[in-house]
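Chains, contacts and geometry: an overview
Here's the letter readout for the chains.
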Amino acid sequence: MDSLNIRKRLRDAPHDVADFLHALPDDHPLQIALRTYSLALSLALGPALLPFVTSRKARAQGLGRVLLVIRRELGITAFASAITVGVAGGAAIRHFWDGWAAETSRVGGKPRGVLGELKAWLASLKESHRTFLANVISSTLAVTLLHSRRTHAKLAGAGRPSPTLDLSLLFLVRAMDSLVQLAFFKPSEGSERSLSESIKLERNATRRKWSTRLDALVFWACSARIMWCFFYEPDRLPRSYNKWIMRMANIDPRLLAALRAIRSGEFSYKRGKSLSPDLVTSLSRDLGYPPSWGDPALLPAYGTRADKAWQTLGVTGRQGRGGMPCEIVHGDVTGGSCTANAAIRGAQAFAEAVAIYLPVHILPILATQPRKLLDVPRLVSTLLSVARSASFLSAFVSSIWFAVCCTRTLVLARLFPWIPHDFWDGPLGCTFVGSLVCGSSIWIERGRRRGEMALYVLPRAIRAYLPAEWLKSGRASVRWPERLIFILSLSTLLTTAIHRPDTLRGLSRWTLAFVMKGPNAGFWKRKRADSSGPSTPRAPSPSKTSDSVPEEH
């Protein structure tokens, strides 16, 4: 009999756990912890295990390597555990604090001594202040866990930036955006209670207009800085982001090395020298052109004296302009036509962008509401959104290439042939103009998407402005400010998600709404079964089953 009861309890245990969890409110600390851990673990394991699916070299390392990665990400100091402590820990502290404050106010009485006054002060704090302080405590524990990780400790003194630097900058940008929205674009209901509806609508329209303009300006400025650093100081950018830009730009590394050599003076048309003689000549040879087309000793530095040199080298269509021929700059995409080069690269970027944006738009619908894909108007609207986002990225890539060609070949170098081509191919020449122009493609995107794109590039632009040597030094002047930024920014985001969620935008709004309030929060709300319905069904016990079987006659 006892063994039957044990088996029954073991069989019913999952249902008991499910009933217990369903009975908890969506904002209970345990519910928040489960949602946070599952989401953070998927974000950590996904990129860590993807190489084992896409790379034969990674698969050759065997199952042991996969298990090692899984064990690492399931550790107490791993990303998922640390973030769960930071998010759910604050909710737990706030939960117990609110209960303790309610009990303190119920008991009443005059506080005695310093400890009594401290308790009274803590109990009298506003709810938002309690939330923020609770999140500060939990965020401190989270960043301590992340930095106590063995691999993180090794990297801290290995001449590399802090492993949590990008995460800290991401939290900083999202937190600052929520504060800007709170101060300028999302006033409280009480401040506009006395205004008429028409004035409210007019003010909201004005705020939206200026918000989208500010987003476009931020994206433009960040893009300019990021692209300039991609050309000349790639160490200032995250390695993965640098590789992604490299793939989208489809540019030969030797051409980038030549641009950096021109900036440092190691490659010069005026002096006819290159410290790496085979740098551009090898590129020219591999593209099927004479190696002399990449030799700075033979290339003209000024457009005023270029025609004779081009005639000797056999280059056509570049009269009145110096520098290396466009065929070398365009690479294996096209020949000497600048227009065709920009068009082909734009088409390639469009195809790449569709492959990126199509799953981003389709998979959430497929996971939550697959029937909507059968709705033709909805499907057409989704595909148009994909095409619009892909057009933005295509215009970004093609515009920077066309701006480069307009500067060094089509317009500026032709108008000012007496300026040496060391300038046009230098850091303030064609690459600088291209970096300034490409960000204007953001106007192709919708207003809301502009804001999300601005928030996406801003952390990377901030990192690009920080000295790489300082970030890699591992000094206390780097470690402690970064940890403080992590703590205050995450605390601000978590507090805002509870008390002013309307000031959050895009990814931070979606993620925190789901984590803090569950799938019934706002746009995550879906039709679910009535909470007053029956509990999770259970399999009948053996005794009950035997009782319910009719006797045979």
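We now turn to the structure provided with this report.

Rules used throughout
Residues numbered from 1 in each chain as written. Predicted model: local features only at pLDDT ≥ 70, side-chain atom pairs only at ≥ 80, totals over all residues. Heavy atoms only, no water. Helix = DSSP H or I, 4+ residues; strand = E, 2+ residues; numbered from the N terminus. Buried < 20%, exposed > 50% of the residue type's maximum accessible area, 1.4 Å probe, protein only. Contact = heavy atoms within 4.5 Å. Areas by Shrake-Rupley, 256 points an atom, 1.4 Å probe, with all protein chains shown as cover. Axes fitted to C-alpha atoms, helices over the stretch in contact; angles between N-to-C directions. Parallel < 35°, antiparallel > 145°, perpendicular 65-115°, else oblique. Left-handed = near helix turned anticlockwise from the far one by under 90°. Nonpolar A, V, L, I, M, F, W, Y, C, P; charged D, E, K, R; others polar. Phe/Tyr/Trp six-rings, centres within 6.5 Å; stacked < 30°, edge-to-face > 60°. Lys NZ or Arg CZ within 6 Å of the ring centre and 35° of its normal. Salt bridge = Lys/Arg side-chain N within 4 Å of Asp/Glu carboxyl O. Disulfide = S-S within 2.5 Å. Patch = residues over 30% accessible without salt bridge, like charges linked within 9 Å, V, L, I, M, F, W, Y side chains within 5 Å. Lys, Arg positive; Asp, Glu negative; His and termini not counted. Charge placed at Lys NZ, Arg CZ, Asp CG, Glu CD. Core = buried A, V, L, I, M, F, W, Y, C linked by side-chain atoms within 4.5 Å. Arc of directions from axis to C-beta. Polar contact = N/O pair within 3.5 Å; in protein donor to acceptor, adjacent residues only side chain to side chain.

The number of helices and strands found in the protein chain is 25 helices and two strands. Put simply, the protein chain has 553 residues, and 41% of those count as buried. The long-range share in the protein chain, meaning contacts at least 24 apart out of those at least 6 apart in sequence, stands at 67%. For the protein chain, the accessible area works out to roughly 30,600 Å², and carbon and sulfur atoms hold 63% of it.

The next subject is the packing of helix H12 (residues 253–264) against helix H13 (residues 278–286). Contact geometry for H12 and H13: axes closest at 9 Å, N-to-C directions at 150°. In terms of orientation, H12 and H13 fall into the roughly antiparallel class. The chirality of how H12 crosses H13 is left-handed. Along the contact surface, H12 presents Arg254, Leu255, Ala257 and Ala258, while H13 presents Leu279, Val280, Ser282, Leu283 and Asp286. A class-by-class count of the residues in the contact of H12 with H13 yields six nonpolar, one polar and two charged.

A few words now on the packing of aromatic side chains. Under the criterion given, the structure shown has 14 aromatic pairs. Relative to Phe486, the ring of Phe171 has its centre 5.3 Å away and its plane inclined at 65°; by these criteria the two rings are edge-to-face. Of this pair, Phe171 sits in helix H9 (residues 165–185) while Phe486 is found in helix H23 (residues 476–499), placing the two residues 315 residues apart along the sequence. With a relative accessible area of 13%, Phe171 lands in the buried category. For the ring pair Phe423 and Trp424, a centre distance of 5.2 Å and an interplane angle of 70° mean the geometry is edge-to-face. A connected cluster of aromatic rings, assembled from ring pairs, spans Trp228, Phe230, Phe231 and Tyr232. The side chain of Arg213 reaches across the aromatic face of Trp210, ending 5.1 Å from its centre. The cationic tip of Arg345 hangs over the ring face of Trp401; the distance from NZ or CZ to the ring centre is 3.7 Å.

Our focus in this paragraph is the pattern of salt bridges. Summed over all chains, the structure comprises 15 salt bridges. A salt bridge links Arg505 to Asp177; the nearest nitrogen and oxygen atoms lie 2.8 Å apart. Within this pair, whereas Arg505 is found in the loop between H23 and helix H24 (506–517), its partner Asp177 is found in helix H9, the two being separated by 328 residues in sequence. The shortest N-O distance in the salt bridge between Glu352 and Arg247 comes to 3.6 Å. On the criterion of sequence distance, the pair formed by Glu352 in helix H16 (residues 338–368) and Arg247 in helix H11 (residues 239–249) is long-range, its members being 105 residues apart. A relative accessible area of 32% places Glu352 in the partly exposed class.

Looking now at the state of the cysteines. For the structure on display, the rule yields zero disulfides. Not engaged in a disulfide, the cysteine Cys405 finds its nearest cysteine sulfur in Cys338; these two sulfurs lie 3.5 Å apart. You can see Cys430 has no disulfide; the closest cysteine sulfur is in Cys405, sitting 8.6 Å from it. On the accessibility criterion, Cys430 (3% relative accessible area) is buried.

It is worth spelling out a positive patch on the surface at this point. There is a patch of like positive charges on the surface, built from Lys186, Arg208, Arg388, Arg446, Arg448 and Arg509. Assignment of secondary structure puts Arg448 in helix H21 (residues 447–465). When its relative accessible area of 79% is taken as the criterion, Arg448 is described as exposed.

Right, let's get into the nonpolar core. Among the nonpolar cores identified, the biggest contains 55 residues, and Phe219, Met227, Phe230, Phe231 and Met324 are the most heavily contacted of them. With 10 residues, helix H10 (residues 197–232) is the single largest residue contributor to this core. Ignoring any residue separated from it by four or fewer positions in sequence, one finds Phe219 in contact with Phe392, Phe396, Gly439, Ile442, Met453, Ala454 and Val457. The next biggest cluster of nonpolar side chains, apart from the first, holds 29 residues, and it includes Ile32, Ala40, Ala82 and Val136.

The next thing to look at is the environment of Val515. Inspection of the secondary structure assignment puts Val515 in helix H24. Since its relative accessible area comes to 5%, Val515 is described here as buried. Along the backbone, Val515 and Ala33 are 482 residues apart, and their C-alpha atoms lie at a distance of 8.2 Å.

Below, the discussion takes up a nonpolar patch on the surface. Residues Leu214, Leu217, Trp220, Phe423, Leu428, Phe432, Leu436 and Val437 make up a contiguous nonpolar surface patch of about 660 Å² in total accessible area. Mapped onto the nonpolar patch, the elements with two or more residues apiece are H10 and helix H20 (430–438). Residue position: Val437 is located in helix H20. Using a relative accessible area of 33% as the deciding quantity, one classes Val437 as partly exposed.

Every buried residue of H20 is listed here: Cys430, Thr431, Gly434, Ser435 and Cys438. End-on view of H20: buried residues confined to an arc of 135°, all on one side of the axis. Where H20 is buried, its residues meet H10, H12, helix H17 (376–410) and helix H19 (421–424).

The phi angle at Asn250 is positive, at roughly 50°, despite the residue not being glycine. Tracing the sequence through the fold places Asn250 in the loop between H11 and H12.

Our next topic: the side chain of Glu452. If you trace the backbone, Glu452 turns up in helix H21. On the basis of relative accessibility, which here comes to 15%, the residue Glu452 falls in the buried class. Within the structure, Glu452 has its side chain in polar contact with the side chain of Arg174 (distance 2.8 Å). Dropping the residues within four chain positions of it, Glu452 is found in contact with Arg174, Arg505, Gly506 and Leu507.

What is shown is where atoms sit, not what they do.
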